[in-house]
Amino acid sequence: MYEEMVTARHYEERLQEEYLEGKQPAFDISAGPIPGELHLAAGHEASGAGVCAHLRDDDTVTAPHRPHHVAISKGVDLKRMTAEIFGRQTGLSKGKGGHMHLYDPDVNFACSGIIAQGCPPAVGAAMAAKKRNTDAVAVAFLGEGAVSQGAFLESLNLAAVQNLPVVFVIEDNDWAISMPKERVTDVEDASQRADGFEVHGERVDVDDAVAVYEAAGEAIGRARDGNGPTVLEVQLHRRMGHFMGDPEAYRPDEDVEAAHERDSIERMERHLEDHGLGDEDLEEIRERAHERVEEAIEWAKDQPQPDPEEAYEDVFTDELEGWPERPDKELAAADGGEE
Amino acid sequence: MAQADVPDPETIDRELTMSRGMVEAIAHELRESEDVFVMGEDVADYGGIFDSTQGLLEDFGHDRIMDVPISETGFIGAGVGAAMQGMRPIVELMFADFFGVAMDQIYNNMAKNAYMSGGSVSVPMVFMTAVGGTYNDAAQHSQTLYGTFAHLPGMKVVVPSTAYDAKGLMHAAIRDDDPVVYMFHKRLMGLAWMPAPDGPKTGVPEEDYEIEFGEADVKREGDDVTIVTLGLHVHRALEAAADLAEDGIDAEVIDLRTLVPLDTETVLESVRKTGKLVVVDEDYHSYGVSGELVARATEGALDELEAVRRVTMPDVPIPYARPLENEVLPDAGDVEAAVRSIHE
Ligand SMILES: Cc1ncc(C[n+]2csc(CCOP(=O)(O)OP(=O)(O)O)c2C)c(N)n1
């Protein structure tokens, strides 16, 4: 778990550096080596690592717009994921998806950039597992801001009435872009929402990966044993802006400081030291993680850009007759007719 | 055509970005009437992700500039309900791409309540939303979707391309008794982190003024070919027209400004003059704005029409990587090529 956490943290720090290259001094979102928006998850590592430690490749995970730490812990191919973030041809989605839309069917990982919209597909994956009599489970990750969405509540209800093996993991980092939690909900503990559906709800109050691991173990065990869904809420912290380039003018300095003080990685290090791991052991893990990240980034940057023609592939599984995906093709035909 | 009683933007010294033009109109209407309020995600403390409400919180406070939970069905529908009580909400959906989670409120309530009530209720709300790509934000954050909203009856649809138009259209939208969908292109707003092309920053009068819906603006006059477009692509078309002019091809550029109502007459007049029509649209190719314009031109000026071309987003979800997005997004070069292909 510790190794995954430091891998995720270092990965985010390196992506930040790469992202900002070419965007300085004046930040222009359309410049630099990494395209589009980038939502980093530094401060969220405890939930990805603690939950996914219980998951197998045949268990499904759906992630929201801030997916990297979850993807790393779920075992998504780091090199191809990085190539995708750099928009390269050999990326997970051949450069079509981008960082909010990572798909790795080998480990049953998928994303959606639309808030809470990973919840219904997670329910569907659980449904499939139940129909096929396997003991696979599904986990939907979402932010505390996302619990206001109908899609979450509808999914929770559906999972409850059908007793499906789903765990909803709410990553509570106190903020939804500029909206502090207390302004969007009167319920302090989002796991309480589970009560209204007679579903098990639980909250881990500190960003402690070991506590998350224990709570997630119970929740996932319950799901695997056919005992239905759980809402598991985890307190985390957002160490960076909502997206890269977010000036965070709305956020009090104390809050940023507090987020940096409560560091789940340092907490994990203390825990491991208490259990007999020495500085050298930790350093060795860190080095291994850093190497893996560097390797993935170097590999990704060496990958070819997609060929523009590829933009027209993959819309359907087969080529469709009479589907004018390319207006100029259609035109060529029309001109031909005239002559 | 620009109205006679409002000043020409070129004669005004004070230039604003498009977002400032919009915000100025909203602020004016907030001062005029207590019934006006703004509601959306990150509209207050953040000032709108695309600066569409920048600075309003300071003057009007959280009661009138309301941040809401991420619950589009809830707050867009609440906008409908408040509007049916005679208030004039301005409700923002952060990206047009997110309409799906709230489409029932938009389409079955906002758009249809006036009709279904036999005209006994109205829904005077402004539903504003950001559209468009050009910065590699991929398939869920880059769509334009003009056609989707214009296709559904019951909503007026407004798409400004300059600060001057943005302000005048916003005044008109807030004062309108019907629901108005106000779609602004991110690339035109004048954001520090997403440079705008030359053009959207224009002279804007201090005072309030309305740009009437259903009046297209001829942004460049020309005799050889008619280019009809809207939003960001007005500027791309003007760029293409400038290049074409060097080769003696004189393009007329029409900015539709509103899709519902649509100023068919201005388009037909121009097509009757030039005989050639190019429609440019950042929205998908099939079943959308470009097809509608071609159909209207065919119905209204078949005899004069010699050639037609469409420059659009092909029917593919918008890809992320730069070479792929560049391939599908129409640019000035594509407009120029389309014009040349029908101009001999
Ligand atoms: C339906 C929908 N509405 C709005 C957005 C814009 N949006 C993206 S992230 C975000 C905040 C999410 O907050 P939270 O769920 O707490 O997750 P966090 O970003 O804090 O990890 C918003 C409003 C969106 N992507 N989808």
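Bear in mind the structure is a predicted one, so any value in this text is a computation, not a measurement.

Thresholds applied
- Residues numbered from 1 in each chain as written.
- Chains lettered and ligands numbered in written order.
- Predicted model: local features only at pLDDT ≥ 70, side-chain atom pairs only at ≥ 80, totals over all residues.
- Heavy atoms only, no water.
- Helix = DSSP H or I, 4+ residues; strand = E, 2+ residues; numbered from the N terminus.
- Rg over C-alpha atoms; globule rule 2.2 N^0.38 Å.
- Buried < 20%, exposed > 50% of the residue type's maximum accessible area, 1.4 Å probe, protein only.
- Contact = heavy atoms within 4.5 Å.
- Areas by Shrake-Rupley, 256 points an atom, 1.4 Å probe, with all protein chains shown as cover.
- Lys, Arg positive; Asp, Glu negative; His and termini not counted.
- Charge placed at Lys NZ, Arg CZ, Asp CG, Glu CD.
- Near = heavy atom within 4 Å.
- Nonpolar A, V, L, I, M, F, W, Y, C, P; charged D, E, K, R; others polar.
- Buried area = accessible area lost by both parts, 1.4 Å probe.
- Salt bridge = Lys/Arg side-chain N within 4 Å of Asp/Glu carboxyl O.
- Polar contact = N/O pair within 3.5 Å; in protein donor to acceptor, adjacent residues only side chain to side chain.
- pLDDT = per-residue confidence, 0-100.
- Pairing = 2+ DSSP bridges.

## Re the overall build of chain B
Right, so step 1: Looking only at helices and strands, chain B has 12 helices and 14 strands in total.
Right, so step 2: Taken against the 2.2 N^0.38 rule, which gives 20 Å for 344 residues, the C-alpha radius of gyration of chain B at 19 Å falls within 12% of a compact globule.
Right, so step 3: Summarising its shape, the C-alpha atoms of chain B cover approximately 60 × 45 × 45 Å along the three principal directions.
Right, so step 4: Per-residue burial for chain B yields a buried fraction of 63% across its 344 residues.
Right, so step 5: For chain B, long-range pairs separated by at least 24 residues make up 81% of all intrachain contacts whose partners lie at least 6 apart in sequence.
Right, so step 6: As displayed, chain B has an accessible area near 11800 Å², and 47% of this comes from carbon and sulfur atoms.

## What to know about the overall build of chain A
Right, so step 1: Each helix and strand in chain A was counted, giving 11 helices and 8 strands.
Right, so step 2: Here the C-alpha atoms of chain A give a radius of gyration of 21 Å, agreeing with the 20 Å that 2.2 N^0.38 yields for 339 residues.
Right, so step 3: Projected onto the principal axes, the alpha-carbon positions of chain A cover approximately 80 × 50 × 40 Å.
Right, so step 4: A burial count over chain A gives 55% of its 339 residues as buried.
Right, so step 5: The contacts of chain A with a sequence gap of at least 6 include a subset with a gap of at least 24, amounting to 74%.
Right, so step 6: For chain A, the distance from the average site of its 32 positive side-chain charges to the average site of its 74 negative ones is 3 Å.

## Points about the site of the ligand
Right, so step 1: Taken together, 22 residues surround the ligand, and among them H65, R66, G145 and W175 of chain A together with E72 of chain B come closest.
Right, so step 2: Around the ligand the close residues trace back to chains A and B.
Right, so step 3: Within the complex, 97% of the 580 Å² of free accessible area of the ligand lies under protein.
Right, so step 4: Taken together, the residues that form the shell around the ligand break down as 10 nonpolar, 8 polar and 4 charged.

## Focus on the side chain of T17 of chain B
Residue and element names in this part refer to chain B.
Right, so step 1: Among the structural elements, T17 can be located in the loop between β1 (15–16) and α1 (18–32).
Right, so step 2: Relative accessible area serves as the criterion here: at 18%, T17 is assigned to the buried category.
Right, so step 3: Once residues lying within four places of it in the same chain are set aside, the contact partners of T17 are A163, M189, G190 and K201.

## Section: the interface of chain A and chain B
Right, so step 1: Each partner contributes to the interface: chain A provides 57 residues, whereas chain B provides 47 residues.
Right, so step 2: Both faces considered, chain A and chain B share a buried interface measuring about 3900 Å² in area, 60% of it formed by carbon and sulfur atoms.
Right, so step 3: Taken together, the links from chain A to chain B amount to 2 salt bridges.
Right, so step 4: Two residues, D67 of chain B and R183 of chain A, come together in a salt bridge whose shortest N-O distance is 2.8 Å.
Right, so step 5: Taken together, chain A and chain B are joined by 21 residue pairs in polar contact (both at pLDDT 80 or more).
Right, so step 6: Looking at the side of chain A that touches chain B, the elements with two or more residues in it are α4 (78–85) and α11 (327–338) of chain A.
Right, so step 7: Its residues placed into classes, the side of chain A that touches chain B shows 26 nonpolar, 17 polar and 14 charged.

## So, the confidence of the model for chain A
Right, so step 1: In the predicted model, chain A carries a mean pLDDT of 93, and 96% of its residues have values of at least 70.
Right, so step 2: A low-confidence stretch, residues 335–339 of chain A (pLDDT under 50), is modelled with 1 contact involving residues beyond four sequence positions or located in other chains.

## Observations regarding the side chain of Q235 of chain A
All names here are of chain A.
Right, so step 1: Relative to the helices and strands, Q235 is located in strand β8 (residues 230–235).
Right, so step 2: A residue is classified by how much of its surface remains accessible, and Q235, at 6% relative accessible area, is buried.
Right, so step 3: A polar contact of 3.2 Å, which involves the side chain of Q235, links it to the backbone oxygen of D172.
Right, so step 4: Side-chain polar atoms of Q235 contact the side chain of R203, separated by 2.8 Å.
Right, so step 5: When sequence neighbours within four positions are dropped, the list of residues in contact with Q235 reads D172, D174, R203, V204, D205, V206, D207 and R262.

## So, the pairing of strand β4 (residues 88–95) of chain B
Residue and element names in this part refer to chain B.
Right, so step 1: Most of β4 sits out of view: 8 of its 8 residues are buried.
Right, so step 2: Alignment of strand β2 (residues 36–40) against β4, held across 5 bridges, turns out to be parallel. From the neighbouring strand, V36 faces β4, where its bridge partner is R88.
Right, so step 3: Across 5 bridges, the pairing between β4 and strand β5 (residues 126–131) is parallel. Each residue of the ladder has a partner; that of F95, found in β5, is A130.

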